[in-house]
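# Structural features, examined
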Amino acid sequence: MNAFISEVAARRVGFFRVVRCALGFVAAGAAAQTVPPATTPAVAREEIAALRTEIARHDALYHRQAAPEISDGDYDALKRKLRTWEARFPDAAREVPAVAEVGDDRSGLFKTYRHGERMLSLEKAYTEAELRAFAARAEKALGKRDVAFVIEPKFDGLAVSVTFEQGRLVRAVTRGNGIEGDEVTAHVRAIAGLPRVLRGPAGGEGAGGLPAVIEMRGEVYVPFAEFQRVNAEREAAGEARFANPRALAAGTLRQLDAAEVGRRGLAVVFYGIGACEPTGARPTTQRGLHEKIRAWGLPGVSDLWPASGADAAWRAVQAVERARAGFAFPTDGAVVKLDEVAAQRELGVGESAPRWAVAYKFAAARAETRLRAITIQVGRTGVLTPVAELEPVVLAGSTVARATLHNREEIARRDLRVGDFVYVEKAGEIIPALAGVNRARRSAEAVPFVFPTACPACGTGVVQRAGEVAVRCPGAACPAQLRRRIEHFASKAGVDIEGLGPAMIDALVERGVVQELADLYRLRPDDVVAPGKNPGKSAERLLAAIAASRRAELARVLYGLGIPQVGAVAARELARECGSLEAVAALGEKTPAAGASAAVRAAAAHFAEPRHRAGVKELIAAGLRPMGAEAGAGGRALAGKTFVLTGTLPTLSRAQATAKIEAAGGRVSASVSARTDYVVVGTDAGGKREQARTLQVPVIDEAELLRLIETK
Ligand code: IVH
């Protein structure tokens, strides 16, 4: 099946958009270019069947397992290719079993519930021409020009339908197959910022009255800041990262534990309605609906672009694409909707999507480059991660020279060879991903990669635990693991030692002066002379920073120790529960009580190993005296976090925002740097938003700032 993907990919070398144009929107002309003219019906049947099976497989991976294997662009290309074949060979298309048009997200884990009104999908447009064709169809059907549209961001999450009866939240259901979906009420109730009761008087269609029953349609998503936080914590705990915010949202709604929703920073936004009783309570325009959503106190779409006519609609779509970089939430396109509900009715609904709306999908930035080599990184817990070393290529404004390949199986699955030409893509995600291989350009010299059987850093034979994809180095004295352990311990979220960067850590490990964490506290000035530098101020500063870290907060020390399953949040919990480093290490000496928290159980398992308890003893012997949870600012929501404010915030003045941040233990700084934790943006934000983007600092809005203060 990979042949399809690579063939599609091969056609998209260089000007991605232009080629998308050539493929067309079910256009007969495009079909002629992509389907071999001499094909027999038998071949067409085979091709259509294969494409449908492949699409169904990707649907299942995307919707049910929240683990897509291909990019959205490649998926859309597969669908388009199928459409072209179907248009060309309608008889063959009828003979082959159909695939469900709307991806089915039912997981089999939940009770299912039938929607009051069907949940539809959206037609997609990929080019200006396709968007204009949509607008032209609408104007023709309505028999007038300059039709009123509303353009909204297309949120990249998971569609939900939330039912309110007499203003009370009674049920939440995923889209499922459009007719019925998974009932996820408990999960959705746990989303911060979703009121359980609508604002306004109950009973009736009168002005301001709440409908008796209404299905609110919207999207559950994860804001970028939360996505980064969750992934950083998972990495620290030795768990796999989520590939993108959508996978995190979908994965969390599929978790059986609803309480996890609150910890994973899920959010929801509403942009539509399904069933509504009495029908007279329905707003008459899309803009009116957005006003209602706000008036009822529900989270709504704050950025809307009204447009009259096709030109304005296209300009609005481009404006959304430009504004997108500053959004705190993930988007993968813009949705163009007819504003008037009467006009929407006139256009009606097609097979699985309304004719009155279209989703314009933004192209992922994509580039083709050569895979120079595959190197292996050894992580803190010994996991060997293959990394693609690429011929540097500019992608969406930054140079990309490396991309993770995740694990050994990923290389085999892609049949990736050193010397291959590969595609790198940056979609809504911050981290570039390897999106495919251009098989057409594979040379005879391209060589398969042989995954090492011994750790490249220490030579110990690697192991793979049953049921895990990860390959690990079990070496207790592995210098690569030690380097990563030091990096993690000294990191900002750990004991925060300024000046102890990767080059210095390498030098300390290479010279053998640091063989375990405790050795950091025994360093002398001569040991910390930067490679190729004279001893002096910088050595002094580093030693002072190391000395100061002896009094780091207990929670930071616990996080810094890198206990599996213990991220920043669990570390705070442990600090509160145990009160001292000695008490945490002592957890390993006995079996935890039946009702012990997950954090306590994780620490007990880790410190059951004598060498881990010995490591803590050594740290204490070397003078580490962490401040208890109650002594420092550790219990406060924004302790140790640095914020930069920019633009005009909707409700708070600069001074008020600063006071709130400081009261929660945070700091406000005037300029953005790599040490900034969050940039809070309002309207008319200047260059700081761009700087945040470049430095990969999370950008949040006022609402999110307030949530951080309240919920952490
Ligand atoms: S309207 C009848 N508006 O995109 C129209 N959908 O690919 C139903 N989506 O299933 C959808 N942002 O999950 C609409 N502003 C927006 C949206 C949006 C994201 C999702 C939604 C839908 C999918 C279609």
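A short tour of the structure in this document, coming up. (Residues numbered from 1 in each chain as written. Predicted model: local features only at pLDDT ≥ 70, side-chain atom pairs only at ≥ 80, totals over all residues. Heavy atoms only, no water.)

### Here's the deal with the overall build of the chain
Secondary structure assignment for the chain yields 26 helices and 22 strands. Split into buried and exposed, the 712 residues of the chain put 51% on the buried side. Partitioning the intrachain contacts of the chain with sequence separation of at least 6 by distance along the chain shows that 70% fall at a separation of at least 24. Carbon and sulfur atoms make up 53% of the accessible area of the chain, which amounts to about 31600 Å² in all. (Helix = DSSP H or I, 4+ residues; strand = E, 2+ residues; numbered from the N terminus. Buried < 20%, exposed > 50% of the residue type's maximum accessible area, 1.4 Å probe, protein only. Contact = heavy atoms within 4.5 Å. Areas by Shrake-Rupley, 256 points an atom, 1.4 Å probe, with all protein chains shown as cover.)

### As for the nonpolar core
By size, the foremost hydrophobic cluster in this structure holds 51 residues, and its most contacted members are Ile486, Leu500, Tyr521, Leu558, Leu561, Leu574 and Leu581. Those elements giving two or more residues to this core turn out to be helix 16 (479-490), helix 17 (502-510), helix 18 (537-548), helix 19 (554-560), helix 20 (568-578), helix 21 (581-586), helix 22 (598-607) and helix 23 (610-621). Element by element, the count of residues in this core is highest for helix 22, at 6 residues. With 39 residues, the next largest nonpolar core counts Leu131, Ala138, Leu142 and Phe149 among its residues. (Core = buried A, V, L, I, M, F, W, Y, C linked by side-chain atoms within 4.5 Å.)

### Side note on the pairing of strand 7 (residues 213-221)
Buried residues dominate strand 7, accounting for 8 of its 9 residues. Relative to strand 7, strand 4 (residues 158-165) runs antiparallel, the two sharing 8 bridges. For threonine 163, the partnering residue across the bridge sits in strand 7 and is glutamate 215. Sheet topology places strand 7 next to strand 8 (residues 267-277); 8 bridges connect them, and they run antiparallel. (Pairing = 2+ DSSP bridges.)

### Overview of the packing of aromatic side chains
Enumeration over the complete set of coordinates arrives at 10 aromatic pairs. Plain terms: the ring middles of tryptophan 85 and phenylalanine 89 are 5.8 Å apart, the flat faces sit at 25° to each other, and that makes the pair stacked. An aromatic cluster of at least three residues, connected via ring pairs, comprises Phe155, Tyr221, Phe327 and Phe329. Against the face of tyrosine 423 rests arginine 366, its NZ or CZ located 4.6 Å from the ring centre. (Phe/Tyr/Trp six-rings, centres within 6.5 Å; stacked < 30°, edge-to-face > 60°. Lys NZ or Arg CZ within 6 Å of the ring centre and 35° of its normal.)

### So, the sheet that holds strand 3 (residues 148-155)
Strand order in the open sheet formed by 5 strands is 2-11-10-3-9, and the pairing between neighbours is mixed. Only two strands of the sheet have a single neighbouring strand rather than two, namely strand 2 (124-125) and strand 9 (305-308). In this sheet, strand 9 lies alongside strand 3 in antiparallel orientation, the contact comprising 4 bridges. Bridged to isoleucine 151 within strand 9 is tryptophan 305. Contacts from helix 7 (residues 128-142) reach strand 2, strand 3, strand 10 (331-338) and strand 11 (357-361), with the element oriented near 170° to strand 11. (Axes fitted to C-alpha atoms, helices over the stretch in contact; angles between N-to-C directions.)

### With respect to the site of the ligand
In the vicinity of the ligand, 14 residues are found, and the nearest of them are Glu152, Phe155, Arg175, Glu219 and Lys337. Within the contact set of the ligand, a nitrogen atom lies 3.1 Å away from a backbone nitrogen or oxygen of proline 153. Note that an oxygen atom of the ligand is positioned 3.3 Å from one of the side-chain N or O atoms of lysine 154. Protein chains bury 88% of the 520 Å² of accessible surface belonging to the ligand in isolation. No other element matches strand 3, which puts 4 residues into the shell around the ligand. Split into classes, the residues belonging to the shell around the ligand amount to 8 nonpolar, no polar and 6 charged. (Near = heavy atom within 4 Å. Polar contact = N/O pair within 3.5 Å; in protein donor to acceptor, adjacent residues only side chain to side chain. Nonpolar A, V, L, I, M, F, W, Y, C, P; charged D, E, K, R; others polar.)

### Points about the packing of helix 16 against helix 17
When two helices pack together, you describe them by how their axes are tilted relative to each other and by the distance separating the axes. One can describe the packing of helix 16 onto helix 17 by two numbers: an axis separation of 10 Å at closest approach and a directional angle of 135°. As the angle between them shows, helix 16 and helix 17 are arranged oblique. The handedness of the crossing between helix 16 and helix 17 is right-handed. Only Pro502, Ile505, Asp506, Val509 and Glu510 of helix 17 make contact with helix 16, whose side of the interface consists of Pro479, Leu482, Arg483, Ile486 and Glu487. Counted by class, the contact of helix 16 with helix 17 contains 6 nonpolar, no polar and 4 charged residues. (Parallel < 35°, antiparallel > 145°, perpendicular 65-115°, else oblique. Left-handed = near helix turned anticlockwise from the far one by under 90°.)

### So, the sheet that holds strand 5 (residues 168-174)
Judged by pairing direction, the sheet is antiparallel, and its 4 strands sit side by side in the order 5-4-7-8 without closing on themselves. The outermost strands of the open sheet, each flanked by one partner alone, are strand 5 and strand 8. For this sheet, the mean angle separating the axes of adjacent strands, direction not counted, is 25°. Running over the sheet, helix 10 (residues 245-253) touches strand 4 and strand 7 and is turned about 50° from strand 4. Packed onto the sheet, helix 12 (residues 286-295) meets strand 7 and strand 8 and runs at close to 115° relative to strand 8.

### Details of the packing of helix 20 against helix 22
Their axes nearest at 9 Å, the elements helix 20 and helix 22 cross at an angle of 85°. What the angle tells us is that helix 20 and helix 22 run roughly perpendicular. For the pair helix 20 and helix 22, contact is made by Ala570, Glu573, Leu574 and Glu577 and by Ala599, Val600 and Ala603, respectively. Per-class residue counts for the contact of helix 20 with helix 22 are 5 nonpolar, no polar and 2 charged.

### A few points about helix 18
Across its 12 residues, helix 18 extends 16 Å between first and last C-alpha, which sits within 8% of the 16 Å expected from 1.5 Å per residue. The complete set of buried residues in helix 18 reads Ala539, Leu542, Ala545 and Ile546. The arc that holds every buried residue of helix 18, seen down its axis, measures 125°, which confines them to one face. Facing away from the buried side of helix 18 by more than 90 degrees, the exposed set consists of Lys537, Glu540, Arg541 and Ala548. Where the residues of helix 18 are buried, they touch helix 17. (Expected span 1.5 Å × (residues − 1). Arc of directions from axis to C-beta.)

### Things to note about the pairing of strand 4
Successive side chains on a regular strand alternate, one facing one side of the sheet and the next facing the other. Within strand 4, 7 of the 8 residues are buried, leaving the element largely enclosed by the surrounding structure. As defined by bridge partners, strand 4 adjoins strand 5 across 6 bridges and the pair is classed as antiparallel. Each residue of the ladder has a partner; that of phenylalanine 164, found in strand 5, is leucine 169. What sits between the antiparallel neighbours strand 4 and strand 5 is a turn of 2 residues, in which glutamine 166 has the positive phi angle 50°.

### Regarding the pattern of salt bridges
Oppositely charged side chains can pair when the atoms bearing their charge come close. Under the counting rule described, the total for this entry stands at 44 salt bridges. Across the salt bridge formed by arginine 287 and aspartate 339, the nearest N and O atoms sit 3.6 Å from each other. Placement of the pair is arginine 287 in helix 12 and aspartate 339 in the loop between strand 10 and helix 14 (341-347), with a sequence separation of 52 residues. On the basis of relative accessible area, aspartate 339 is assigned to the buried category, the value being 5%. For arginine 613, the salt bridge is made with glutamate 589, and the minimal N-O distance between the two is 3.7 Å. Pair noted here: arginine 613 is in helix 23 and glutamate 589 is in the loop between helix 21 and helix 22, with a separation of 24 residues, a long-range link. (Salt bridge = Lys/Arg side-chain N within 4 Å of Asp/Glu carboxyl O.)

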